[in-house]
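Listed below are the residues making up each chain.
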Amino acid sequence: MRVVDIIAKKRDGVELANEEIGFVVEGYTKGEIPDYQMAALLMAIYLNKMSTQETVDLTMAMAASGDRFDLSQISGIKVDKHSTGGVGDKTTMIIAPIVASLGVPVAKMSGRGLGFTGGTVDKLESFPGIDLKPNMETFISNVNRIGASVIAQSGEIAPADKKIYALRDVIGTVGNISLIASSIMSKKIASGADKIVLDVKVGSGAFMQTLEDARVLAKAMTDIGNHLGIKTIALLTNMDEPLGNAIGNILEVKESIEVLSGEGPEDLIEMCVLLASYMVMLGRNSESYAEIEKEVRAQIRDGIALKKLKEMIEAQGGDASLVDHPEHFKVAGLTSDVVAEREGYIATMKTNDIGKAAMLLGAGREKKEDEIDPTAGIVMRRKIGDFVKVGETLATLHTNREDKRKEAMDIILDSVEIRQEKATKKPLVLDKIL
């Protein structure tokens with residue numbers, strides 16, 4: 001096979017064979033195919049799209065490019081959850097102990113964050129002493145013994161995707177649905193899950209800005225999973241405002257503990273109940289959502305899920321006493337309130353900009369080498385639809401960067417639109433692909 005022939009074939013809109021896709025992915029990963037040829041093929045894919053079969057073949061080729069984790073030694077059906085990302089999205093730390101407490105194992109490999117705040121691994125590092133890189137034997141043992149474990153994703157999972165994504169990013173082909181779907185699903189499949197729940201975010205704080213685009217992406221990802229015999233469902237959820245109130249690593253950990261203690265923001269509680277219920281449904285091969293939802297809420301109400309979180313942290317060497325005493329977490333040296341400059345109802349939020357303000361304060365990474373300040377971030381005090389008076393607090397900033405505080409405050413003020421008429425708030429769940 002010659003790469004130039006494969007490029008020409010896709011340029012002319014002809015479907016590629018599995019062998020051709022595998023040849024290119026393997027060759028590019030090994031460095032045998034140069035960037036300029038891979039870039040030409042990616043642009044041809046971007047312009048002419050891929051069929052479902054091509055997308056599945058690309059996913060499997062990228063999944064096969066590195067380690068494939070065998071979780072067969074873990075008892076039960078392993079259900080994974082993936083979110084396409086958003087501002088204040090901290091659901092993994094809440095739903096993993098809930099789902100595990102209901103007998104469905106959660107063996108999750110999570111990444112670090114690049115952008116507004118840290119990823120799940122960065123958040124869990126808020127617990128001093130925690131080991132997020134145990135060997136596989138310990139990882140599997142913890143899941144079998146406790147029901148859940150969250151560890152740092154290995155650098156050898158789908159290395160082809162990492163290399164291809166870096167090229168896509170600089171040649172303007174990130175936005176192709178097949179390439180996005182195969183990128184996400186290759187890592188999920190390599191991680192060894194039996195079934196997958198996808199949380200596809202939609203709105204001003206999400207990669208997918210419109211419901212129509214999100215539906216197309218969700219359908220592409222569920223088609224890949226189901227085609228491969230991995231039952232996959234997708235929930236399309238609203239990200240027109242931050243999820244919950246906290247944005248920033250320790251702030252989000254503390255809010256997660258609040259939710260597992262039966263408190264916390266209503267939207268975050270409802271999102272976690274929803275995701276956990278669908279994960280348990282898949283893990284039990286059940287269709288009784290209403291009954292499972294009752295069980296999920298009971299695990300929170302009775303403190304069972306919170307206890308499970310403590311067990312997870314302890315099993316990985318972390319200081320679980322912070323679950324009972326979150327006031328002992330480190331705090332930022334500076335706090336500032338951002339106050340409303342006019343009276344009215346909060347109508348819209350530029351959620352991405354709010355996330356950028358949190359990153360400016362130290363909560364996220366602009367480049368992967370950047371260090372995160374775990375104490376930095378923002379706590380939103382108002383949601384869309386709330387009425388505010390002049391001088392009332394919209395948000396509280398937490399930082400150790402005095403030089404960035406004023407800029408972040410200005411961003412928040414510009415991001416929150418206040419009108420005289422009350423806005424119609426979108427529902428939390430916009431659609432489902434089951």
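Look up a bit, the structure's there.
Conventions adopted
- Residues numbered from 1 in each chain as written.
- Predicted model: local features only at pLDDT ≥ 70, side-chain atom pairs only at ≥ 80, totals over all residues.
- Heavy atoms only, no water.
- Helix = DSSP H or I, 4+ residues; strand = E, 2+ residues; numbered from the N terminus.
- Rg over C-alpha atoms; globule rule 2.2 N^0.38 Å.
- Buried < 20%, exposed > 50% of the residue type's maximum accessible area, 1.4 Å probe, protein only.
- Contact = heavy atoms within 4.5 Å.
- Areas by Shrake-Rupley, 256 points an atom, 1.4 Å probe, with all protein chains shown as cover.
- Core = buried A, V, L, I, M, F, W, Y, C linked by side-chain atoms within 4.5 Å.
- Pairing = 2+ DSSP bridges.
- Axes fitted to C-alpha atoms, helices over the stretch in contact; angles between N-to-C directions.
- Polar contact = N/O pair within 3.5 Å; in protein donor to acceptor, adjacent residues only side chain to side chain.
- Expected span 1.5 Å × (residues − 1).
- Phe/Tyr/Trp six-rings, centres within 6.5 Å; stacked < 30°, edge-to-face > 60°.
- Lys NZ or Arg CZ within 6 Å of the ring centre and 35° of its normal.

Before going further, it helps to spend a moment on the overall build of the protein chain. Across its full length, the protein chain carries 17 helices and 13 strands. Compactness check: the protein chain gives a C-alpha radius of gyration of 22 Å against a globular reference of 22 Å for 434 residues, within 12% of the reference. The principal-axis extent of the C-alpha atoms belonging to the protein chain is close to 65 × 45 × 40 Å. Buried residues in the protein chain amount to 55% of all 434 residues. For the protein chain, contacts bridging at least 24 residues in sequence account for 79% of all contacts bridging at least 6. Here the protein chain has roughly 18100 Å² of accessible surface; of this, 49% comes from carbon and sulfur atoms.

Among soluble globular proteins, nonpolar side chains are generally buried collectively. In terms of nonpolar packing, the biggest core is built from 56 residues, with Ile98, Leu124, Phe127 and Val197 touching the most fellow members. Among the elements that make up this core, the one with the highest residue count is helix H12 (residues 266-284) (13 residues). With residues near it in sequence (within four places) discarded, isoleucine 98 still touches Leu260, Ala276, Val296, Ile300 and Ala305. Core analysis: the next-biggest nonpolar cluster, separate from the first, contains 35 residues, Ala107, Met109, Leu217 and Ile230 among them.

Here four strands make up an open sheet; going across it, the order is S1-S4-S5-S13 and the pairing mixed. Edge strands, defined here as strands with exactly one partner in the open sheet, are strand S1 (79-83) and strand S13 (429-433). Averaged over all pairs of adjacent strands, the angle between strand axes in this sheet comes to 15 degrees, irrespective of strand direction. Most of the contacts of helix H9 (residues 177-190) go to S1, to which it runs at about 155 degrees, and overall it touches S1, strand S4 (195-202) and strand S5 (232-238).

Turning our eyes to something else, we now look at the sheet that holds strand S10 (residues 387-388). The pairing of strands in a sheet comes from backbone hydrogen bonds and takes either a parallel or an antiparallel form. One open sheet accounts for three strands, arranged S10-S8-S12; its pairing is antiparallel. Of all strands in the sheet, those bounded by a partner on one side alone are S10 and strand S12 (416-419). Along the sheet, helix H17 (residues 402-415) makes contact with strand S8 (344-349) and S12, crossing S12 at roughly 40 degrees.

Now for the environment of aspartate 89. Mapped onto the elements, aspartate 89 comes out in the loop between S1 and helix H5 (92-101). Its relative accessible area of 15% is what places aspartate 89 among the buried residues. Between the C-alpha atoms of aspartate 89 and threonine 120, which are 31 residues apart in sequence, the distance is 9.3 Å. Within polar-contact distance, the side chain of aspartate 89 engages the side chain of threonine 91 at 3.3 Å.

Attention shifts here to helix H3 (residues 35-48). The end-to-end C-alpha distance of H3, which contains 14 residues, comes to 20 Å, matching closely the 20 Å that a straight helix rising 1.5 Å per residue would cover. For H3, the complete set of buried residues consists of Met38, Ala39, Leu41, Leu42, Ala44 and Ile45. Lining the buried residues of H3 we find helix H1 (3-11), helix H2 (18-29), helix H8 (159-171) and H9. Of the residues one or two after H3, lysine 49 is the one with positive phi, at around 65 degrees.

Counted by the stated rule, this structure contains three aromatic pairs. Ring centres 4.9 Å apart and planes at 35 degrees place the aromatic pair tyrosine 278 and tyrosine 289 in the tilted group. Of this pair, tyrosine 278 sits in helix H12 while tyrosine 289 sits in helix H13 (residues 289-301), and the two are 11 residues apart along the sequence. Judged by relative accessible area, which is 6%, tyrosine 278 ranks as buried. Here the aromatic rings of tyrosine 345 and phenylalanine 387 are separated by 5.1 Å at their centres, their planes lie at 65 degrees, and the arrangement is edge-to-face. Residue tyrosine 345 is located in strand S8, and its partner phenylalanine 387 is located in strand S10; the two are separated by 42 residues in the primary sequence. When its relative accessible area of 24% is taken as the criterion, tyrosine 345 is described as partly exposed. Taking relative accessible area as the criterion, phenylalanine 387 reaches 38% and is therefore assigned partly exposed. We note lysine 163 situated over the ring of tyrosine 28; from NZ or CZ to the ring centre the distance is 4.6 Å.

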